[in-house]
Structure formats: C-alpha cells, structure tokens
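# Observations on the three-dimensional arrangement
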Amino acid sequence: MLYFLASLAVFLALAWPAYRKNVESRERILVERLQGFSDVNERLIQQRYRELYSDIRMQVLVPSIRQYMTTGSAADRAEVEAFLLKAAKTYQHYDQIRILDLEGNELIRINHRGGRTQSVPAAELQNKNDRYYFKEALRLSPGEVYAAPLDLNIENGRLEQPHRPTQRLAIKVTDNAGIPRGILVMNHDPSEFLAEFKTSMGLYKPVRGMLLNFGGYWVSDVEPDNEWGWMLGHPERSLAVQQPDIWHTMRTQPRGEIRTHDGLYLFRQFDPFHAAMEYDKTQLKDGTHSSQFHWHGIMAVYMPEISWRRYTVLAQPGGQIGLALIVLLLAVLSWILAQLQVQKAAARAERVRHVREMEHQAHTDVLTGAFNRRHFYLFGERELSRARRIEDPLSLLMLDIDHFKRINDEYGHDIGDEALKLLTRTCLQQLRPHDLFARTGGEEFAALLPHTGIADAAMVAERIRRTVAGLSLPLANGGELGLTVSIGVVQWHAGDADLDALFKRADQKLYQAKDEGRDRVCA
C-alpha cells in the first residue's frame, strides 16, 4: 500500500504540471488561431472600405455630374442618371446612389435591390433635410467624405422591412466652377461582409464572434436578437449594459485580452476608413484628405473555457476512464514490480521494433508533402471507429482537380505537379490542425473532418472551392492557368461498415459534381 501511494503521488506530481501545460497550450493555440482569423477579417474589412472611399471620391470627379450641377438641365440629368444606373449595376454593393441638392431634395435616386437596378421616378423622390447624415454632409468642405455610422435603413420615416443594414457615404458635388451645388450619397450594403464575418467565426463553436459599435451595441453576433438594439428600441441589448466592466476595457484600450471566471475575451478596435484615408493619401494628389469618419468599432471574440478544455487529454472520450485505468495499473504494478523486470526488457525491445517499423513506413506523399493513402487509411479507420463508438459526427471530403489530364497534356507534367502542390497548400491552410488530409492517388485528395457534421463540412468544402477558383499558376509564356476543383462531401452514418464504404459514397458525390459541370461541391 505504501508503495502504491508513493507511486500515485509521483504520478500526480508529474502528470499535473503536464496537464496544466496541456490546458495552457490548447488555450494559446486557439487564441493564436482566432487572432489570425481576426487579422484576416480586419484586412478584408479595410480592403472593402478602401474601395468604398475611393468609389465616392472618384464619382464627384465625373465631368457629367459637374456639368449637371452647373446647368441642371434635363438632358444633363438624364446623362447622370444613366451613368449612376451603370455604376450601381457594376459595383453591386450599393443599394442606393443619390444626388441631393443643398436643401435636402433628392434630384436623382438609383435603387439596387434584389438584383434589380432602377431609377426612382421624380414623383417618388423624397426630402432628406431632417436626416442626420444630410446635416453632417452640409458641414463638409469640397473633397471631404462623411461616413455615417452603420445602422438600419429608414424609408419615409420608418425602418425598412425586412431590416436592411446600411452605411451612408456622402461627399459634396460641385459645378464646373468648383462651387458646391449638392451632395452625393451612396448607401453601402454591408450584409455580405457581416455574413462572411459571422460564417468565419462560426467555424469555431462555441466561440462567439461579434462586431460592436462604439456605443457598445452589437451589429453582428451569434444571437441575432442582440443585434441593432439601439435601432429597435432595446437599449438593454448592449454589451455596455450587460457587462459594463468588460465594455469599459474594450472601449479604452486599442486591443487586448480580458479573462473572466469562465472564459476569455479577445478584442481589438478597428477604424477601416482611417486605413482607407491613409491609403488614399499615397494615391491621390489633390490635397483634400481630411474627412469625417463616424464609424469605427470593436471586433471581439469570446472563448468560453470549454472551447479549449474540450481538446485537453482529460476531456477527450475515455480520458477519465484512462486515468482510472492508470491508477489501477499503478496498483497492479506495485504488487508485481519484482516480476516485471524481464517483461520490461521485452517491452522495451518491442517498442524499439515498433518505432523502427513505423519509421520505415513511408506515410507522406513525396511530391506534395501531404499524407499518403496508407497513412490516411491507418488513421482514418481509427477516427471512424472513434466516431462510431461515441456517435460523433465525422465527414469526408473527396477532391479532384478538374481537367487534370488536359493540364498535363497541354502544359506538361511540371505544371500538373505545381497544380497538385498548390491544391495541397490551399487545403492545408483551410483545414484545422486535427483534420486528416492526404493525396489518395493521381489528382485525387481526401480530407477527414472529425467533430464535423455535413453542413459544416460542406461549408469548409465550399470555402476550399472558392479559394482554389481564385488561384492561378504562372506559365512559361507569361500567361496564367486557372484551377478549379470538384468536391464530394459525405457524413459517416451507421450504414458505413468501414472507411471504404465512406470513400465509396464520397466518390459518388465527387462524380456527381463532375457530371453537373465541375467546379462545385456536392454534399
């Protein structure tokens, strides 16, 4: 008994620091991954707003707009109206483009809704002299841009239904003599980037990604009911009200981490228009860069403690049972220690043999650096057994480069090899560290996604497809070769006897994607 207690004490003394290190390591891995996600999201937002800032500054330089501001003639108005219709169709992300006179009367209004772009008849034009953005725009000097706060669109004094997020940019328009005669207002529809932010943060459930304005209100949250509280008459739906101490830290520091009793907040303040203006200073030389940006916010991620502890040793399936078995094993070993000396030598020799055997097996693909088919099956069967045992979701992606034979025939095997390498790098960047990815033969690849249902797996597959479609390989003649990939996605179910059965169903989906025209995901 004394030897057992001593052994147990030694084990706990050694295991506890290792366990704490494991917890801290998992936490930092998740923090670094989410910081990387936040970096990407911030850059994407800055890029979008750089485009918005450039768009509106360019519009007021159009000669036909200045001519209309000078003459006010019907012919010049028609020319401007046609130009703005074309601009709305081209840009797509502006749901309204308007020119107002200095009294707030809409002179021209273009609506872009539901894929339709149309000019509003003169009888339906409105007066906007009581709207805050018009009043702010009147204070601008020529060349300055006003960026209104992100809010919900209001038409005829009432919130538009269904709710439509919008952000208005305004700039004064001048006549040919440079005298301000009106205001150009462009309503940016931020729905796309808000949805992309929510989707990207949703990959790490139960992590909670959020965007807040500087009033402490959510403009994006995993709980849609929390959003737009100040616009919907719910001042209590605010982080500033619900967690004032946390909000004060976020509001007063540019970025940081806030630890709570049950989790961790990562946050950063961002000002996309400031970045746009700094970029503009290096591109435009007219000397007018002082603008009024009334929208900057806070990007925050809340990590409940469970989000990283669930990946620790004791949180894994069977972890607590394993600990109990270790304690039991210590008791048994304490009793038969004297008899294990010979067995220890044999076990040591077996371990050495096993290690050498594993080292001897080639488990990576020489060309791409991905795992090979042997490794994939070895560990894939284990993962399938685990998923079957605990009834955990498990999904398989089968990927195939479209027209790969034609690439080899027309451009040579060197280009074909580069295409395989590029696809491998892209997939590894999009997948999680614990996902299993391998080249299973020729231009075919497979990815096994633990803890992932069919909906999330299809979302990952679509992200890979979109990313690959945006890539290209440089050719010797100076041209570029675009790539596309077809992907079949399936989720393990009780009817799959083994990994081969799962492969067969995924292969069928892959060929369905091929038959339906390639460059698509079939799940």
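Fair warning: this is a prediction, and the values are worked out from it, not measured in the lab. (Residues numbered from 1 in each chain as written. Predicted model: local features only at pLDDT ≥ 70, side-chain atom pairs only at ≥ 80, totals over all residues. Heavy atoms only, no water.)

### With respect to the overall build of the protein
Counting its regular elements, the protein contains 16 helices and 22 strands. Out of the 523 residues belonging to the protein, those deemed buried represent 46%. Counting only contacts in the protein whose residues sit at least 6 apart along the sequence, the fraction spanning at least 24 positions is 64%. For the protein, the exposed surface amounts to about 26500 Å²; the carbon and sulfur share of it is 55%. (Helix = DSSP H or I, 4+ residues; strand = E, 2+ residues; numbered from the N terminus. Buried < 20%, exposed > 50% of the residue type's maximum accessible area, 1.4 Å probe, protein only. Contact = heavy atoms within 4.5 Å. Areas by Shrake-Rupley, 256 points an atom, 1.4 Å probe, with all protein chains shown as cover.)

### Some points on the sheet that holds strand E18 (residues 444-450)
Whether parallel or antiparallel, the strands of a sheet pair through hydrogen bonds between backbone atoms. With mixed pairing, five strands are arranged side by side in an open sheet as E17-E18-E16-E21-E22. Each edge of the open sheet is held by one strand with a lone partner, namely strand E17 (436-441) and strand E22 (521-522). As paired strands, strand E21 (residues 485-491) and E22 are joined by two bridges and run parallel to one another. In the strand pairing of E22, isoleucine 487 is matched with valine 521. (Pairing = 2+ DSSP bridges.)

### Notes on the pairing of E18
Among the seven residues of E18, seven are classified as buried, and the element is accordingly described as predominantly covered. Every second residue of E18 is oriented toward a common face, with Glu444, Ala446, Leu448 and Pro450 on one face and Phe445, Ala447 and Leu449 on the other, all of them buried. Sheet analysis places strand E16 (residues 394-401) next to E18, joined by seven bridges and oriented antiparallel. Pairing of methionine 398 across the sheet is with alanine 446, part of E18.

### Quick notes on helix H12 (residues 373-390)
Taking 1.5 Å of rise per residue, the 18 residues of H12 would be expected to cover 26 Å, and the 25 Å separating its terminal C-alpha atoms lies within 8% of that figure. Taken as a whole, H12 has its buried residues at His375, Phe376, Tyr377, Gly380, Glu383, Leu384, Arg386 and Ala387. The inward-facing, buried residues of H12 abut E16, E17, E18 and helix H16 (499-515). Here H12 starts with a cap whose side-chain oxygen sits 3.3 Å from the backbone nitrogen of arginine 374, and that cap is asparagine 372. Immediately downstream of H12, the backbone of glutamate 391 shows phi near 55°, a positive value. (Expected span 1.5 Å × (residues − 1). Polar contact = N/O pair within 3.5 Å; in protein donor to acceptor, adjacent residues only side chain to side chain.)

### Things to note about the confidence of the model for the protein
Averaged over every residue, the pLDDT of the protein is 85; residues scoring 70 or more account for 85%. Scored below 50 in pLDDT, residues 282-293 makes 31 contacts in the model with residues more than four places away or belonging to other chains. (pLDDT = per-residue confidence, 0-100.)

### Details of the packing of aromatic side chains
This model, assessed by the stated rule, comprises eight aromatic pairs. Relative to tyrosine 94, the ring of tyrosine 91 lies with its centre 5.6 Å away and its plane at 85°, an arrangement referred to as edge-to-face. When the ring centre of phenylalanine 503 is taken as origin, the NZ or CZ atom of arginine 373, which lies over that ring, is 5.6 Å away. Residue placement shows arginine 382 over the ring face of phenylalanine 379; its charged tip is 4.9 Å from the ring centre. (Phe/Tyr/Trp six-rings, centres within 6.5 Å; stacked < 30°, edge-to-face > 60°. Lys NZ or Arg CZ within 6 Å of the ring centre and 35° of its normal.)

### Let's talk about the sheet that holds strand E12 (residues 255-260)
Judged by pairing direction, the sheet is antiparallel, and its five strands sit side by side in the order E11-E10-E15-E13-E12 without closing on themselves. Because the sheet does not close on itself, it has two edges, and the strands there are strand E11 (218-220) and E12. Direction aside, neighbouring strands of the sheet carry axes that sit 30° apart on average. Here E12 pairs with strand E13 (residues 263-270) via six bridges, running antiparallel. Residue pairing in the sheet places glycine 256 in a bridge with phenylalanine 267 of E13. (Axes fitted to C-alpha atoms, helices over the stretch in contact; angles between N-to-C directions.)

### Comments concerning the nonpolar core
The nonpolar side chains of a soluble globular protein tend to be buried, and buried together. Leu34, Ile97, Leu184, Leu211 and Met303 are the most contacted members of the largest nonpolar core, which totals 45 residues. In terms of residues, this core owes the most to one element, helix H1 (residues 2-59), which gives eight residues. Membership of the second largest hydrophobic core comes to 29 residues, among which are Leu399, Ala419, Phe437 and Val468. (Core = buried A, V, L, I, M, F, W, Y, C linked by side-chain atoms within 4.5 Å.)

### Some remarks on the pattern of salt bridges
Applying the stated rule across the entire model yields 27 salt bridges. One salt bridge in this structure joins glutamate 418 and lysine 421, with 3.6 Å as the shortest N-O distance. Here the residue glutamate 418 and the residue lysine 421 both occupy positions in helix H14 (residues 413-430), the gap between them amounting to three residues, near one helical turn. A relative accessible area of 33% places glutamate 418 in the partly exposed class. A salt bridge links aspartate 496 to arginine 505; the shortest N-O distance between them is 2.7 Å. Overall, aspartate 496 belongs to the buried group, its relative accessible area being 2%. Within the structure, one salt-bridge network assembled from shared partners comprises Asp95, Arg113, Glu160, Arg164 and Asp189. (Salt bridge = Lys/Arg side-chain N within 4 Å of Asp/Glu carboxyl O.)

### Description of helix H7 (residues 244-252)
Listed in full, the buried residues belonging to H7 are Ile246, Trp247 and Met250. The buried residues of H7 occupy one face: seen down the axis, they fall within an arc of 95°. Residues of H7 that are exposed and point more than 90 degrees away from the buried face comprise Asp245 and His248. Against strand E10 (208-213), helix H6 (239-242), E12, E13 and strand E15 (297-304) lie the buried residues of H7. (Arc of directions from axis to C-beta.)

### Notes on the side chain of glutamate 227
With respect to the element layout, glutamate 227 can be found in the loop between E11 and H6. There is a polar contact of 2.8 Å between the side chain of glutamate 227 and the side chain of lysine 198. Looking at glutamate 227, its side chain comes within polar contact range of the main-chain nitrogen of aspartate 221, at 2.9 Å.

### Some points on unusual backbone geometry
In this structure, the amide linkage connecting glutamine 161 to the following residue, proline 162, adopts the cis form with an omega of -10°. Positionally, proline 162 belongs in the loop between strand E7 (158-159) and strand E8 (165-174). Of note, the phi angle at glutamate 391 is positive, near 55°, even though the residue is not glycine. Residue placement: glutamate 391 occurs in the loop between H12 and E16. Of note in the backbone geometry, histidine 451 takes a positive phi value of approximately 55° without being a glycine.

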